[in-house]
Amino acid sequence: MRAAEARRARTVLDDPKAVELVDRIDYPFEETFGAPTPLLAQGHALRVRTFDTAVRAFLDEHPDGTVVTLAEGLETQFWRVDNGRARWLCVELPETAEVRRALLPDEDRRRTLARSALDLSWRDEVDPARGVLITAQGLLMYLRPTEVKDLIAGCAERFRGGTLVFDAVPRWFSARTTRGEMRTAQGYRTPPMPWGMDAGELPKVRTAHPAITDVREVPPPRGRGFYYGAVAPLMRWLPAVRNLRPTMTAIARFS
């Protein structure tokens, strides 16, 4: 989706590394998932830009800080927002870490740690002295609710003064995936997403740990066309429809 949007002439996401990866990888993307639709590709890219904005803001304040990316797969955020000074740690399951290292080899300031995000020993690999920002993009919805709470609490406990940026799907979306109702025309079924959270429930994240002082939604930028330029931004403010949005991005700060 990122590569498809990045190929557009009036793209909302400049991501040449994603295009390079899709061209390099010998995988039947369209045969498995179907051809990327412009609407979905742009929506995915705008969500990615929301994360990019949060990371850039952190790097502006902590130029020598550490960005920890939990289960980012083949995300190419480093090449979009790196400031040339920060350190990056990608925490990945061993099999995914092997693929990532093969396609995106580690560098001096960026490395991949083969470990589950739920194994909180990854925190020992992070020096919090110059600031820490943790991203969980496309991760938490695939975990059980107790795992989500424990992971957020573990970040808040260890990284006082740090920040977590994550996304969530609403409860209706989560329910459809757990019932196996979301399939492509090619037969691919969206994996179950046991954890869902409606927009109005966002304050509940603070109950995960006393060190969580602020939780708020991060609005995506306006996009191209009528839907992403006018309708989608308005939906965030209308109580009757705000939970119908397929995803939201939020930021949690720790004291």
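Undergrad: Tell me about the sheet that holds strand β4 (residues 132-136), residues and numbers included.
TA: Pairing in this open sheet of seven strands is mixed, and the strands run β3-β2-β1-β4-β5-β7-β6 from one edge to the other. Bordering the open sheet on either side are β3 (110-114) and β6 (212-217), each of which pairs with just one other strand. Averaged over all pairs of adjacent strands, the angle between strand axes in this sheet comes to 20°, irrespective of strand direction. Of the pairings in the sheet, the one linking β4 to strand β5 (residues 163-168) comprises four bridges and is parallel in character. Within β5, the position partnered with Thr-135 by the bridge is Val-165. Lying on the sheet, helix α4 (residues 38-61) is in contact with β1 (66-70), β2 (87-92), β4, β5 and β7 (248-254); it crosses β4 at an angle near 170°. Against the sheet, helix α6 (residues 94-103) makes contact with β2 and β3, and its axis sits at roughly 150° relative to β3, the strand it touches most.

Undergrad: Mind laying out the state of the cysteines, listing which residues take part and the relevant values?
TA: For the structure on display, the rule yields zero disulfides. Left unpaired, Cys-90 is separated from the closest cysteine sulfur, that of Cys-155, by 14 Å. Assessed through its relative accessible area of 1%, Cys-155 is described here as buried.

Undergrad: Can you tell me about the nonpolar core, naming the residues and giving the values?
TA: Counting 36 residues, the largest nonpolar core has Leu-70, Trp-122, Ile-134, Leu-140 and Phe-166 as the members making the most contacts within it. At the level of elements, β1, β2, β4, α7 (145-158), β5, β6 and β7 are the ones that each hand at least two residues to this core. No other element matches α7, which puts five residues into this core. If sequence neighbours within four positions are ignored, Ile-134 has contacts with Val-68, Leu-70, Trp-122, Cys-155, Phe-159, Thr-163, Leu-164 and Val-165. Residues Phe-78, Val-81, Val-218 and Ile-251 belong to the second largest nonpolar core, which totals 14 residues.

Undergrad: Before we move on, could you go through the pairing of β4 and cite the residues and values that matter?
TA: In terms of residue burial, β4 counts as a mostly covered element, since five of its five residues are buried. Here β4 shows a buried face lined by Val-132, Ile-134 and Ala-136 and a second buried face lined by Leu-133 and Thr-135. Across four bridges, β1 lies against β4 in parallel orientation. Its bridge partner lying in β4, Thr-69 is registered against Thr-135. Once you follow β4 into α7 and on to β5, the crossover reads as right-handed.

Thresholds, definitions, all that
Residues numbered from 1 in each chain as written. Predicted model: local features only at pLDDT ≥ 70, side-chain atom pairs only at ≥ 80, totals over all residues. Heavy atoms only, no water. Pairing = 2+ DSSP bridges. Helix = DSSP H or I, 4+ residues; strand = E, 2+ residues; numbered from the N terminus. Axes fitted to C-alpha atoms, helices over the stretch in contact; angles between N-to-C directions. Contact = heavy atoms within 4.5 Å. Disulfide = S-S within 2.5 Å. Buried < 20%, exposed > 50% of the residue type's maximum accessible area, 1.4 Å probe, protein only. Core = buried A, V, L, I, M, F, W, Y, C linked by side-chain atoms within 4.5 Å. Right-handed = clockwise from strand over helix to strand, strands pointing away.

Scope: geometric values only; no functional claims are made or implied.
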